[in-house]
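# Fold and geometry: a report
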Amino acid sequence: MSPTNKKKLDLLRVKLDRLDDNLLKLIKKRSNLVNEVLKVKIYKNEIIDQKRIDFILKKIKKKSIKSNIDPKITNRIWKNMIWSFIDYEKRNFKKK
């Protein structure tokens, strides 16, 4: 790699690192909201709502296409995020 391209790459990686920091802040906010949702759920079987999951994924696909983002990327990200939070909810569910 040329020195010029190496410098460009380093600058781009710094930008990606900053973006990652912002994503972490958003994930923390989402985690806090999920904790609030978890307090409302009475039964463990309320954790997975397939209709809600399908709705979210369809909405994300439409928004991705409209924003010119590859919907396969966003679908994979959202599926992983949803199932990660489902796992979190299952681990932290407390019967009332």
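Here the structure is a predicted model, which means the values were calculated and not measured.

## Re the nonpolar core
Among the nonpolar cores identified, the biggest contains nine residues, and these are Leu38, Ile47, Ile53, Ile56, Leu57, Ile60, Ile82, Ile86 and Phe93. Here this core takes four residues from helix α2 (residues 50-66), the largest share from any one element. If sequence neighbours within four positions are ignored, phenylalanine 93 has contacts with Leu38, Lys41, Ile42, Tyr43, Lys44 and Ile47.

## Quick word on the confidence of the model for the chain
Taken as a whole, the chain shows an average pLDDT of 96; of its residues, 98% reach a score of 70 or greater. Across the chain, the secondary-structure element scoring lowest on mean pLDDT is helix α1 (residues 3-40), at 96, and the one scoring highest is α2, at 98.

## What about α2?
Its 17 residues give α2 an end-to-end C-alpha distance of 24 Å, which sits within 8% of 24 Å, the value for a rise of 1.5 Å per residue. Where α2 is concerned, the buried positions are Ile53, Ile56, Leu57, Ile60 and Ser64. End-on view of α2: buried residues confined to an arc of 95°, all on one side of the axis. Exposed positions of α2 whose direction lies more than 90 degrees from the buried face are Lys51, Lys58, Lys62, Ile65 and Lys66. Those residues of α2 hidden inside the fold are in contact with α3 (71-92). Count one or two residues on from α2 and you reach asparagine 68, which has phi positive near 60°.

## Some thoughts on a nonpolar patch on the surface
A cluster of nonpolar side chains, Leu16, Leu19, Leu23, Leu24, Leu26 and Ile27, forms an exposed patch at the surface whose accessible area comes to about 570 Å². Inspection of the secondary structure puts isoleucine 27 in helix α1. Take isoleucine 27: its relative accessible area is 42%, and that puts it in the partly exposed class.

## Side note on the environment of phenylalanine 93
Relative to the assigned elements, phenylalanine 93 resides in the segment after α3. The exposure class assigned to phenylalanine 93 is buried, which follows from its relative accessible area of 16%. For the pair formed by phenylalanine 93 and isoleucine 42, sequence separation is 51 residues and the distance between their alpha carbons is 8.9 Å.

About the criteria used
- Residues numbered from 1 in each chain as written.
- Predicted model: local features only at pLDDT ≥ 70, side-chain atom pairs only at ≥ 80, totals over all residues.
- Heavy atoms only, no water.
- Core = buried A, V, L, I, M, F, W, Y, C linked by side-chain atoms within 4.5 Å.
- Buried < 20%, exposed > 50% of the residue type's maximum accessible area, 1.4 Å probe, protein only.
- Helix = DSSP H or I, 4+ residues; strand = E, 2+ residues; numbered from the N terminus.
- Contact = heavy atoms within 4.5 Å.
- pLDDT = per-residue confidence, 0-100.
- Expected span 1.5 Å × (residues − 1).
- Arc of directions from axis to C-beta.
- Patch = residues over 30% accessible without salt bridge, like charges linked within 9 Å, V, L, I, M, F, W, Y side chains within 5 Å.
- Areas by Shrake-Rupley, 256 points an atom, 1.4 Å probe, with all protein chains shown as cover.
- Salt bridge = Lys/Arg side-chain N within 4 Å of Asp/Glu carboxyl O.

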